[in-house]
Amino acid sequence: MKTKQKMSLHLRVIMQILVTISLFLNHYEVEGEQRLSKAEDLELEKQLKLLNKPAIKTIKGKYGEIYDCVDFYKQPAFDHPLLKNHNFHPQMKPTFFNLQRDDISSKMNRPFNIGLEGGGCPTGTVPIRRITKEDLIRRRLASQIRDADDSPDGDGIESNVSDGTKHPKGFGGGYKFATVQIPYKLRIKMAGVGAIISLHNPQHLSGHEHSGGRIKVQKGIDSIQVGWTVSPPVYGDTHTRSYIYFKAGKLACYNTQCPGFVHINTAIPLDGELPGSSYGGPIYDLPMEIARDIPSGNWWFHLGIGSKFTPIGFWPAKIFTSLKGFATSAEFGGVVYSPPGVREPSMGSGYFPVGDLKKDAYCRKSTYFTDKRQSKSLDEISVKSFASSPNLYRVTDYPNAGGGNGNIVFYGGPGEHI
């Protein structure tokens, strides 16, 4: 196994809007060092031609990533076999979107733009990040650890977050969590969750490690996550990116790299760039929601822009098994991953939480949605805190935090870089 090289850490950060649970990688080599046979290389080239749809327009991101403006009806979502005969259209909006919410504007943090330059893509198209050969290699390796990112008691299903094997240097690797959970045992029906999530750029990341913050809903074998993550191998540097991730049975997908998520917003892409907060300030945060449209059963992803939520796209009900109905558990907090034999990375701001919005990673105004279209604070339900490695990462729930912040979940830690 080749020695992983430290990657330079820059102030810029990018957000990966994903619905995540189990696509991150578990491998002993850096992606750039993967050796492919000629036949494998040709097969990847063939897949790229199928996956990257014809572009009506292309837009270049700040760090060289390319977004293709793809015809709405030709986006990757509709490669899903269950979506072949759909009746979706570019003007779709969720009826759940009419839910009354508190003002989400932030007076304490700096505003920033997450949209594409030039106003984004033309009407009738959606921005899809162009898939690279590296992405395909990541996807192939990711299939080896599918289901590894299910935290204990998420929905009454216990999962091994580490394989228990003794590894070099004594570092176990795997997924570690610091979250506040609405546990499955309450047997409630949830139509989604929301929070204003702080954005960070944790240090000491390299290779296949990643660190992020998220909110999540789950029922049975299905789950949806949204949040931010830092994952060095994606662009050869350490960036903060927004992400969405979902797991429907055996299918698990980030962003639009595989079918399932129907993008409807022309200006805001998945894998969008985000600024990173600094310990002590300035602080950046972003409102995010996962919300079930009750009449259709589709699960929508919303981002807070200004003082309002904006629909980005949705996961159709028909691709799920358990989440055809309401969710039965939820989580708010942080997650990290490192391969076996590698030091556990930093989480959140990289420090243990002290209850300070200028220093800690947080999910403020943490809420859940009922089956009656009501928005409820976490203060109104029994929750539990869970930290899989409390000596490395911690989480604290602050009910009725005041100052218009509602319920705040603080989380983070230095990992093994103490």
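Above this text you will find the structure in question.
Anyway, here's the lowdown on the structure attached to this text. Please read all numbers here as calculations on a predicted model, not as lab measurements.

### Some words on the sheet that holds strand β4 (residues 125-129)
Part 1 of the argument: Read from one edge to the other, the open sheet built from 3 strands follows the order β2-β3-β4, with strand pairing classed as antiparallel. Strands at the two margins of the open sheet, each flanked by one partner only, are β2 (57-60) and β4. Across the sheet, the axes of successive neighbouring strands diverge by a mean angle of 30°, strand direction being ignored.

### Overview of the pattern of salt bridges
Part 1 of the argument: Summed over all chains, the structure comprises 9 salt bridges.
Part 2 of the argument: Ionic pairing is found between E331 and R214, a salt bridge with its closest N-O pair at 3.2 Å. Here E331, found in strand β15 (residues 329-338), pairs with R214, found in strand β7 (residues 210-219); they are 117 residues apart in sequence, far enough to count as distant.
Part 3 of the argument: According to the relative accessible area criterion, E331 is buried, its value standing at 1%.
Part 4 of the argument: Each of R214, K216 and E331 takes part in a single network of salt bridges with overlapping partners.

### Considering a nonpolar patch on the surface
Part 1 of the argument: Residues Y279, Y351 and V354 make up a contiguous nonpolar surface patch of about 310 Å² in total accessible area.
Part 2 of the argument: Positionally, Y279 belongs in the loop between β11 (262-263) and β12 (285-292).
Part 3 of the argument: For Y279, a relative accessible area of 37% gives the class partly exposed.

### Looking at the state of the cysteines
Part 1 of the argument: Evaluation of the coordinates by the stated rule reveals 1 disulfide.
Part 2 of the argument: In this model, C69 is linked to C121 through a disulfide, with the two sulfur atoms separated by 2.1 Å. On the sign convention where negative is left-handed, the bridge of C69 and C121, at about -80° about the S-S bond, is left-handed. A residue pair is termed long-range when its members are at least 10 positions apart, and C69 in strand β3 (residues 66-71) and C121 in the loop between β3 and β4 qualify at 52 residues.

### Description of unusual backbone geometry
Most of the time, phi is negative for any residue but glycine, and the peptide bond is trans.
Part 1 of the argument: Residue P282 is bonded to the preceding G281 through a cis peptide linkage, with omega at 0°.
Part 2 of the argument: Tracing the chain through its elements places P282 in the loop between β11 and β12.
Part 3 of the argument: One non-glycine residue, K365, lies in the positive phi region at around 50°.
Part 4 of the argument: Along the chain, the position of K365 falls in strand β16 (residues 361-370).
Part 5 of the argument: Overall, the relative accessible area of 19% leaves K365 in the buried class.
Part 6 of the argument: Of note, the phi angle at N400 is positive, near 45°, even though the residue is not glycine.
Part 7 of the argument: Within the fold, N400 resides in the loop between β19 (394-398) and β20 (408-412).

### Notes on the environment of L303
Part 1 of the argument: With respect to the secondary-structure elements, L303 resides in strand β13 (residues 299-305).
Part 2 of the argument: On the basis of relative accessible area, L303 is assigned to the buried category, the value being 0%.
Part 3 of the argument: In the structure, L303 is positioned 17 residues away from L286 in sequence and 7.3 Å away in space, judged by C-alpha atoms.

### Quick word on the packing of aromatic side chains
Part 1 of the argument: Per the stated rule, a full pass over the model turns up 13 aromatic pairs.
Part 2 of the argument: Geometrically, the ring pair formed by F88 and F314 is edge-to-face, given 5.0 Å between the ring centres and 85° between the ring planes. Taken together, the residues span a long stretch of sequence, with F88 in the loop between β3 and β4 and F314 in strand β14 (residues 308-315) at a distance of 226 residues. Across the pair, F314 and F88 agree in class, each one buried.

Parameters and conventions
Residue positions are given per chain, counting from 1 as you read along its sequence in written order. With the structure being a predicted model, the display of local features is reserved for residues of pLDDT at least 70 and the display and counting of side-chain atom pairs for 80 or more, all residues being used for whole-chain, interface and lining totals. Processing note: side-chain calculations cover all non-hydrogen atoms of the structure and skip hydrogens and water entirely. By definition, two strands form a pair when at least two bridges between them are found by DSSP. The secondary structure listing takes helices from DSSP runs of H or I that are at least 4 residues long and strands from runs of E that are at least 2 residues long, numbered from the N terminus. In this analysis an axis means a line fitted to C-alpha atoms, helices contributing only their contacting stretch, and an angle means the value between N-to-C directions, from 0 to 180 degrees. Salt bridge, as applied in this entry: a Lys or Arg side-chain nitrogen positioned within 4 Å of an Asp or Glu carboxyl oxygen. Exposure classes here rest on a 1.4 Å probe applied to the protein chains alone. A residue is buried below 20% of its type maximum, exposed above 50%, and partly exposed in between. Each patch groups residues whose relative accessible area exceeds 30% and which form no salt bridge, using 9 Å between like charges and 5 Å between nonpolar side chains of Val, Leu, Ile, Met, Phe, Trp and Tyr. For the accessible areas, the method is Shrake-Rupley and the probe is 1.4 Å, while residue cover comes only from the protein chains on display. Cysteine sulfur atoms that come within 2.5 Å of each other are treated as a disulfide pair. Stacked, tilted and edge-to-face are the three classes applied to pairs of Phe, Tyr and Trp rings, where Trp contributes its six-membered ring and a pair requires centres within 6.5 Å; stacked means planes under 30 degrees apart, edge-to-face means over 60, and tilted covers the rest.

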